[in-house]
Amino acid sequence: MNIAIIGTRGIPNHYGGFEQFAEYLSLGLVKACHQVTVYNSHSHPYQGKEWQGVSIVHCYDPEDKMGTVGQFIYDFNCIKDTRKKNFDIILQLGYTSSSIWGWMLPRSKSVVTTNMDGLEWKRTKYSKKVQKFLQFAEKLGVKYSDFLISDSIGIQDYLKEKYNKNSLYIPYGADLFDSPDDSCISQFNISKFNYNMLIARLEPENSVDTILEGVAKAKNNYPFLVIGKHETKYGEYLKNKFQEHSNIKFLGGIYDINILNNLRYFSNLYFHGHTVGGTNPSLLEAMSSKALICAHKNIFNYSILDQDAVYFENSEDVCRIILTINKINYEDKIKSNEQKINDKYNWDIIVEKYINHFNQILR
């Protein structure tokens, strides 16, 4: 099969989320002897035309000059280029800035299947006008796709209820982390199993404020690591709000997967506060890194973790968890999550599901 992947800034991953997914999936597809093309921003750090067997097409992306509007221009350029090619499958990752160009997708010669991502219009960082537009974009994403993919049961149910559209459930994947090295964490002035942490984009819907309020209420000296780009308006707000709590350490974005895996592995508690969207890659990575997960209580997280996590709904819950729960007493939950990665979320399994999906929709 000749497969194109659009909707990301490109590979190799320098951003997270769908970029990470595109990297793992494209490598898996190439390994299975398929032709794969990934569309990259022209400003992507990697400028080659081929990466580990994956063809790379760079398209002009003015986001760095124009902000969000630039994303729409980039997606337009990517979709326009697909019309010049003869792809069997076009896999579209997300819809937020691409669906207005959905009518341009070459559906007469390619089958378009879209991973619908999460409920973008519910993100509280957006104004009411933007949320309304995203609802419209979601509708267009459904309209201009031949097939839909949901990365969580919650999203699958939502698409069926709102649009009466069936979608195939395929979650993200992860690889088990089995080579811990505590020297990787020494640079952060922390010791094994004596710190708590979170990894997230610093945005309201990821419960960062709620979690840090709980940390502040706990008034213990455990270091709490906040990993995520904080040079943003909301990041500055959080740093100012909690500046008197010296145990809260804003480390910024870290993209070295080995460092992240070791930080998760040697943490006491790993907080996952995401409230909007499907299966978040960082959640699966936490499971694969044998972290004890404290998750926000919602359908998206529960459908993945079930009974194998500690749940919170507010800062009081977070405070209580920090003061009373120790990782050493929850080995059963950690082992159960490890088994889920082996049985359900292994990358080889996920890639095979996509290949089966592509074969089926071509037929």
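Here goes a summary of the coordinates provided.

**Topic: helix H1 (residues 18-31)**
Point 1. With 14 residues, H1 ought to run about 20 Å at 1.5 Å a step, and its terminal C-alpha atoms sit 20 Å apart, in line with that.
Point 2. Where H1 terminates, the next one or two residues include Cys33, which has phi positive at roughly 70 degrees.

**Regarding the sheet that holds strand E8 (residues 168-169)**
Point 1. In spatial order, the strands read E3-E4-E2-E1-E5-E6-E7-E8; together these 8 strands make up an open sheet with mixed pairing. For this open sheet the edge positions go to strand E3 (50-51) and E8, each flanked by a neighbour on one side alone.
Point 2. The sheet contact formed by strand E5 (residues 89-93) and strand E6 (residues 111-115) spans 5 bridges and is parallel. The residue of E6 that forms the bridge with Gln92 is Thr114.
Point 3. Helix H3 (residues 68-82) contacts strand E1 (2-6), strand E2 (35-41), strand E4 (54-59) and E5 of the sheet and is inclined by roughly 150 degrees relative to E2.
Point 4. Here helix H13 (residues 347-362) sits on the sheet in contact with E1, E5, E6, strand E7 (147-150) and E8, set at roughly 145 degrees to E6.

**Some words on the nonpolar core**
Point 1. In this structure, Phe21, Leu91, Leu263, Met287, Ile293 and Tyr354 are the most contacted members of the largest nonpolar core, which totals 55 residues.
Point 2. Take this core: its biggest share by element is 7 residues, from H13.
Point 3. Excluding anything up to four places from it in sequence, Leu263 contacts Ile185, Phe188, Ile190, Tyr195, Met197, Leu225, Ile227 and Ile254.
Point 4. Of all hydrophobic cores here, the second largest spans 27 residues; its members include Ala200, Ile248, Phe271 and Ile321.

**Digging into the packing of helix H9 (residues 281-288) against helix H12 (residues 331-343)**
Point 1. Between H9 and H12, whose axes approach to 8 Å, the crossing angle comes to 115 degrees. Where H9 abuts H12, its residues Leu284, Met287 and Ser288 lie against Asn337, Glu338, Lys340 and Ile341.
Point 2. Among the residues making up the contact of H9 with H12, the classes are represented as 3 nonpolar, 2 polar and 2 charged.

**Some points on the sheet that holds strand E12 (residues 269-272)**
Point 1. Taken together, 6 strands build an open sheet; the order of strands is E11-E10-E9-E12-E13-E14 and the sheet is parallel. Because the sheet does not close on itself, it has two edges, and the strands there are strand E11 (248-252) and strand E14 (310-312). Between one strand and the next, the sheet's axes are offset by a mean angle of 25 degrees, whatever the strand orientation.
Point 2. As judged from the 3 bridges shared by strand E9 (residues 196-199) and E12, these two strands associate in the parallel manner. Bridging from a neighbouring strand, Asn196 pairs with Leu269 of E12.
Point 3. Of the strands in this sheet, E9, strand E10 (224-227), E11, E12 and E14 touch helix H6 (residues 208-218), which is tilted by about 165 degrees from E10.

**Details of the pattern of salt bridges**
Point 1. Scanning all chains against the criterion turns up 13 salt bridges.
Point 2. Taking the shortest distance from any N to any O, the salt bridge between Lys241 and Glu213 comes out at 2.7 Å. Here the residue Lys241 occupies a position in helix H7 (residues 233-241), and Glu213 occupies one in helix H6, the gap between them amounting to 28 residues.
Point 3. Taking the relative accessible area as the measure of exposure, Lys241 reaches 34% and is therefore partly exposed.
Point 4. In this structure, Arg264 engages Glu285 in a salt bridge whose closest nitrogen and oxygen atoms are separated by 3.2 Å. With Arg264 in helix H8 (residues 257-265) and Glu285 in helix H9, this pair connects stretches of sequence that are 21 residues apart.
Point 5. Take Glu285: its relative accessible area is 10%, and that puts it in the buried class.
Point 6. Put simply, Asp209, Glu213 and Lys241 are held in one network by salt bridges that share partners.

Calculation criteria
- Residues numbered from 1 in each chain as written.
- Predicted model: local features only at pLDDT ≥ 70, side-chain atom pairs only at ≥ 80, totals over all residues.
- Heavy atoms only, no water.
- Helix = DSSP H or I, 4+ residues; strand = E, 2+ residues; numbered from the N terminus.
- Expected span 1.5 Å × (residues − 1).
- Pairing = 2+ DSSP bridges.
- Contact = heavy atoms within 4.5 Å.
- Axes fitted to C-alpha atoms, helices over the stretch in contact; angles between N-to-C directions.
- Core = buried A, V, L, I, M, F, W, Y, C linked by side-chain atoms within 4.5 Å.
- Buried < 20%, exposed > 50% of the residue type's maximum accessible area, 1.4 Å probe, protein only.
- Nonpolar A, V, L, I, M, F, W, Y, C, P; charged D, E, K, R; others polar.
- Salt bridge = Lys/Arg side-chain N within 4 Å of Asp/Glu carboxyl O.

In short, shape yes, function no, at least from these values alone.
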